[in-house]
Amino acid sequence: MAHLQADVGRTFASWDAATNVPHRLMLEGMPAPGVIGSAAEAERVAIDVLARHLDLLAPGAALDDFTVVANDVSEGIRSVGFAQHHRGMPVLGGQISLRFKHDRLVMIGSEAFPNVSVPSRSSTASDDTIDRAAQGWLDRDVDGTRTATGSVEGPFVLPIVDEASGALRYVEVFRTTATMERPASAWTIYLDAATGAPVARRQTLLFGTGQLLFDVPLRNPTGPRLTAPADQVFAEAAGNAVTTTDFGFFNFPGANSVVAATIDGVFASVTNEAGPEATTELPIADGGTAVWQDDDEEVEAQLAAYVHTMRVKDFVRTLSDVDWLDDPIPVNVNIDDSCNAFSDGNSINFFLRGSGCENTALLSDVVYHEFGHSIHSQSVIPGVGQFNVSLSEGISDYLSATLTEDSGLARGFFLGSDEPLRDFDPVGSEFRWPEDRGEVHDEGRIIGGALWDLRKIMQAKLGEVAGRQYTDRVWYETTRRAVDIPSMYPEALLLDDDDGNLANGTPNACEINAAYGPHGLFNAGPENEVVDLVQTSAGPRVNLSLSIPNVPDCPVTASPTMRWRERGDPNSSEVAMSFAEDGVFTALLPEFPAGTVVEYQVDVNYDNGAVRTLPDNFVDPWYQTFYGEVVELGCLDATIGRTTDNTFVVGAWLGEESGSDPTAPFDDLSDHIYQPGDYSPLSTDEITFDAIDTGAFTNVRLQMQRWLAVEDGFYDQAFIRINDDPLWENFAADDGALASFHHVDREWRFVDFDITDFIGPDGVSVTFGTRSDGGLEFGGWTVANACIVALANEVATCGDGIVDAPVETCDDGNTNDGDGCSATCQSEPAPPIPEEPTTGAETEDDSGFDDSGDVGTGGATDGDAPGLDGDGLINRGCGCTSDQAPAAAWLMLLSLPAIRRRRRVVR
């Protein structure tokens, strides 16, 4: 990111959780002269930017893996799209796109897949093998009767993401298609290129809800009726073939005639799946009208489907010039099924009345909704946007609502009821990302509600008609470029931009924030929301630093709250954080007794309705701090012996090697304990450090700085052991279907463990490790400043061998006076050393040391260097006589506790 920002300026990024690739990059705006007017210049600039930042946008890929597939200009936005390949094979869904506006690069999107690799195949499955395998797979697993199987295409690289675990893998495949009926379905099937074994299949029909009539109900059979022109319909009048105009007019010879009408036209072709297509003959007089009305369900369904298809098609044509709109859309009605409708990306299809549900062709809302799926599929810019099912459900709901002026979809869907099938704007609540993710129709209400709120806000600002037209344009253009629901927010700002600089705001950014924020679609991101704790004279202070995308006319403000509790206490307290300066909010933690672990978190409440809780880790949602002074007993670093299987490194941190690894070392001085890159699949990796002596301390802790990333414990486990006894393991879901609670730190986290009960005869030995399955892997352990510490005495105890500064200036393990350390543990002059006669050539100076460095040993040496007393220590008060020094000094060394470093810790 730093390299990109140095190149293109300030950047706001969102990240894809499955690929760890930046999903959308909103830029301050890099000058790119001439790109709007010149497709060639835009392509040149796009390729140059891609080449410089490919390691960020598509890790592990080469520039030759990307091919330009789109260079589109509309609404002043130049969109250049690249499709991803691997060894010449298309990587399905892989793409990178760049957006230019006002001759500036303002947005980059990446749906590229990282580190794509598939083995070279030694054999290739034949078309017959693939066809038989595909048909057999469907016949076994899918209800209905197969009607057709398509040709074999490929090879492709198919990325497969496990929905439960998020595991990502790549398979070389061929693909084919098949259609079924009773019930209707259509499938794309992917099969292993080498063996022909089925790998994956995808249902391509999109089911929804809706309504459509001719001179019958406006929205459903029990409501008001609509008499609409039969636009562009094929008919016959007075023996002459005619096609009606946009308003249903046609010419015929004579003053009176008979018109033989069909329900087939230039832009829509209705097929009756329950029998022959309806026709009629109606008298017509010069200057008069011929009204086709029929109460029969199957005929009325054909008329309604045609009228409402033409209405929605004419509406979308005011926003789009996609060629598909000029082709006749297949409209299939009276399908022998009930309570549903679907789009296959082109045709729209509706079911008969039954099972308590109305004929869906008689519901205009459903017709508009299903058309929404088709126009979404047809208008996505290749290599820029992507078809996303939940997004499509939401934007199709909005299309229906903007035509009916009602956020309650498909009233009358259930017979005898005017209640909507669903409402994306319920009174008193909003559908929010990510809390309301799940079933695709429910999830779609998040973006449907955001667009509807924007419509209401813009109508208040611009007027009813202009506000609706503005939002309808946002609906269509952002849908073309978005890849999912969250990406609709930056695409709306891009469309609204008027100067090629998203950092200085856009004309309607205030309204966009007000509409999208309450739906959770405004997210500043982890690099722009930072919590840290500092020790001050007033006590431990929690600081929140914010740097968020802001609009000068309506800056987004925050009202953060700090919450805290003692570890283990289910109850917490909270306080509003006060603004200090330069985007920093602050609050003091209260005082607690030494030895207390306090947990705290920060809620960031933005005034546009967005809410963030920090730390951003669902399974570990509290920061920790430890109160009291500790004595450092030993740290786990490169100087401590260890046993490992070489998957861990101890030493200088060498930099980011996994998308979930730290973005920077904890500091440049500490040794780090870490697993380079992602931890290995199907393995148990661990590192064990030699035991550290804990002496006689009675409150011993393991404290460290941690950056851990591991899959849900149902699949992969990260663990800590003390003396081979389990101390900690990451959260594990009880059910594999719910096992998506990954432990992913997004910042350095201080953690404390009380390990007093784990102390063994030799002290404590620490083990870090991971166990993994064969699926998703993350960056694993990265640890800094991992130390065994003990709570220091808060009250000085003279004679315990620990210098409790500042009360004590020494502590020699006793309470005797006259030995260099007094009975109150204050330093005192050392006792005089008795002089002994010298012999031979030995001489002794005034200090009491002879020329050999020994003190009065009569020629024997104890090995002490000058300046040391008889036990090898300075001012420790041994009080030994010369003939006792060697033995007494040895005993003293055995009885003295190790010298410990002490530090005040509030983390």
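Residues numbered from 1 in each chain as written. Predicted model: local features only at pLDDT ≥ 70, side-chain atom pairs only at ≥ 80, totals over all residues. Heavy atoms only, no water.

**Student:** In this structure, what is going on with the sheet that holds strand E35 (residues 642-644)? I would like to understand it.
**Tutor:** Hydrogen bonds along the backbone pair up the strands of a sheet, which may run parallel or antiparallel. Read across the sheet, 5 strands follow the order E35-E38-E45-E41-E42 without closing on themselves; strand pairing throughout is antiparallel. Edge positions in the sheet fall to E35 and strand E42 (725-729), since each has one partner strand and no second. Averaged over all neighbouring strand pairs, the angle between strand axes comes to 20°, with direction disregarded. Strand direction decides the pairing type here: E35 and strand E38 (residues 684-689), joined by 3 bridges, are antiparallel. Its bridge partner lying in E38, Thr644 is registered against Ile687. (Pairing = 2+ DSSP bridges. Helix = DSSP H or I, 4+ residues; strand = E, 2+ residues; numbered from the N terminus. Axes fitted to C-alpha atoms, helices over the stretch in contact; angles between N-to-C directions.)

**Student:** Help me out: how do you make sense of the packing of aromatic side chains in this one?
**Tutor:** The description of an aromatic ring pair rests on the distance of the ring centres and on the angle between the ring planes. Under the defined criterion, the tally for this structure stands at 18 aromatic pairs. Residues Phe424 and Trp452 carry aromatic rings whose centres are separated by 5.9 Å and whose planes lie at 70° to one another, so their mutual orientation is edge-to-face. One end of the pair, Phe424, is in the loop between strand E24 (422-423) and helix H8 (440-462); the other, Trp452, is in helix H8, with 28 residues separating them in the sequence. Relative accessible area serves as the criterion here: at 2%, Phe424 is assigned to the buried category. Trp452 gets classed as buried once you look at its relative accessible area, which sits at 7%. Here the aromatic residues Tyr398, Phe424 and Trp452 are joined through ring pairs into a cluster of three or more. Over the ring of Trp137 we find Arg201, and its NZ or CZ is 4.4 Å from the ring centre. The residue whose ring lies beneath Arg201 is Trp187, and the NZ or CZ to ring-centre distance is 5.6 Å. (Phe/Tyr/Trp six-rings, centres within 6.5 Å; stacked < 30°, edge-to-face > 60°. Buried < 20%, exposed > 50% of the residue type's maximum accessible area, 1.4 Å probe, protein only. Lys NZ or Arg CZ within 6 Å of the ring centre and 35° of its normal.)

**Student:** I would appreciate a short explanation of the pairing of strand E33 (residues 623-626) in the present structure.
**Tutor:** Within a regular strand, the side chains alternate between the two sheet faces. Alternating positions in E33 separate into two faces, Tyr623 and Thr625 on one and Gln624 and Phe626 on the other, with burial throughout. Bridging between strand E31 (residues 597-605) and E33 involves 4 bridges; their strand directions are antiparallel. Bridge pairing links Val598 to Thr625 in E33.

**Student:** I tried to follow H8 on my own but got confused; where do I start?
**Tutor:** Because each turn of an α-helix spans 3.6 residues, side chains separated by three or four positions in sequence point in the same direction. A rise of 1.5 Å per residue sets the reference length of H8, with its 23 residues, at 33 Å; its end C-alpha atoms lie 32 Å apart and thus fit the reference within 8%. Residue Ile446 marks the point of greatest curvature in H8, where the axis turns by about 25°. Just downstream of H8 lies Gly463, where phi reads positive at about 110°. (Expected span 1.5 Å × (residues − 1). Bend = angle between axes of the 7 residues up to and from the residue.)

**Student:** Explain the state of the cysteines here, please?
**Tutor:** Here, the word disulfide means a covalent bond between the sulfur atoms of two cysteines. Tallied over the full model, the rule gives 4 disulfides. Each sulfur of the disulfide joining Cys339 and Cys357 lies 2.0 Å from the other. When the S-S torsion is 90°, as for the bridge of Cys339 with Cys357, the disulfide is right-handed. Here Cys339, found in the loop between strand E20 (329-335) and strand E21 (341-343), pairs with Cys357, found in the loop between strand E22 (348-351) and helix H6 (364-379); they are 18 residues apart in sequence, far enough to count as distant. For Cys339, a relative accessible area of 25% corresponds to the partly exposed category. Taking relative accessible area as the criterion, Cys357 reaches 2% and is therefore assigned buried. (Disulfide = S-S within 2.5 Å.)

**Student:** Sorry, what's going on with the packing of H8 against helix H11 (residues 509-516) here?
**Tutor:** Packed helices, taken two at a time, are described by their axes: the angle between them and the distance between them. Two elements in contact, H8 and H11, have axes separated by 8 Å at closest approach and are oriented at 140°. In terms of orientation, H8 and H11 fall into the oblique class. Of the two elements, H8 crosses H11, and the hand of that crossing is right-handed. Between H8 and H11, the residues in contact are Ile447, Ala450, Leu451, Asp453, Leu454, Ile457, Met458 and Lys461 and Glu511, Ile512, Ala514, Ala515 and Tyr516, respectively. Taken together, the residues of the contact of H8 with H11 sort by class into 10 nonpolar, no polar and 3 charged. (Parallel < 35°, antiparallel > 145°, perpendicular 65-115°, else oblique. Left-handed = near helix turned anticlockwise from the far one by under 90°. Contact = heavy atoms within 4.5 Å. Nonpolar A, V, L, I, M, F, W, Y, C, P; charged D, E, K, R; others polar.)

**Student:** Teacher, can you tell me more about the confidence of the model for the protein chain here?
**Tutor:** The predicted coordinates of low-pLDDT regions are not to be read in fine detail. Confidence in the prediction for the protein chain averages 85 pLDDT; 88% of positions are at 70 or higher. Within the model, pLDDT remains below 50 along residues 209-213, and this stretch shows 54 contacts once partners closer than five positions in the same chain are excluded. Confidence drops under pLDDT 50 across residues 837-907; counting only partners more than four residues distant or on other chains, this segment forms 112 contacts. (pLDDT = per-residue confidence, 0-100.)

**Student:** What is the right way to look at the packing of H8 against helix H9 (residues 464-481) in this model?
**Tutor:** In the contact formed by H8 and H9, the axes pass within 7 Å of each other and the chain directions differ by 145°. Taken as a pair, H8 and H9 cross one another with a handedness that is right-handed. Between H8 and H9, the residues in contact are Leu451, Leu454, Arg455, Met458, Gln459 and Leu462 and Glu464, Ala466, Gly467, Arg468, Tyr470, Thr471, Val474 and Trp475, respectively. Here the residues of the contact of H8 with H9 sort into 8 nonpolar, 3 polar and 3 charged.

**Student:** How should the side chain of Lys101 be read in this particular structure?
**Tutor:** Within the fold, Lys101 resides in strand E5 (residues 89-101). Within polar-contact distance, the side chain of Lys101 engages the backbone oxygen of Leu495 at 2.7 Å. Residue contacts for Lys101: discarding those within four places in its chain leaves Ile36, Glu75, Gly76, Ile77, Val106, Leu494, Leu495, Asp496, Asp497 and Gly500. (Polar contact = N/O pair within 3.5 Å; in protein donor to acceptor, adjacent residues only side chain to side chain.)

**Student:** It is not clear to me how unusual backbone geometry should be interpreted in this structure. Could you clarify?
**Tutor:** The step from Gly154 to Pro155 runs through a cis peptide bond, and the omega angle for that step is 10°. Assignment of secondary structure puts Pro155 in strand E8 (residues 153-161). With omega at 10°, the peptide bond leading from Leu614 into Pro615 counts as cis. Phi at His102 takes a positive value of approximately 55°, unusual for a residue other than glycine. On the secondary structure map, His102 appears in the loop between E5 and strand E6 (104-110). Phi is positive for Leu682, which is not a glycine, with a value near 50°. By the secondary structure assignment, Leu682 is in the loop between strand E37 (672-674) and E38.

**Student:** Looking at this structure, how should I read the pattern of salt bridges?
**Tutor:** For side chains bearing opposite charge, pairing can occur when the charged atoms are close. With the rule as written, the count across this model stands at 44 salt bridges. Of the charged contacts in the structure, one is a salt bridge between Glu172 and Arg121, with a shortest N-O distance of 1.9 Å. Of this pair, Glu172 sits in strand E9 (residues 168-181) while Arg121 is found in the loop between E6 and helix H4 (127-141), placing the two residues 51 residues apart along the sequence. Members of the salt-bridge network, linked through shared partners, are Arg24, Arg99, Glu111 and Glu491. (Salt bridge = Lys/Arg side-chain N within 4 Å of Asp/Glu carboxyl O.)

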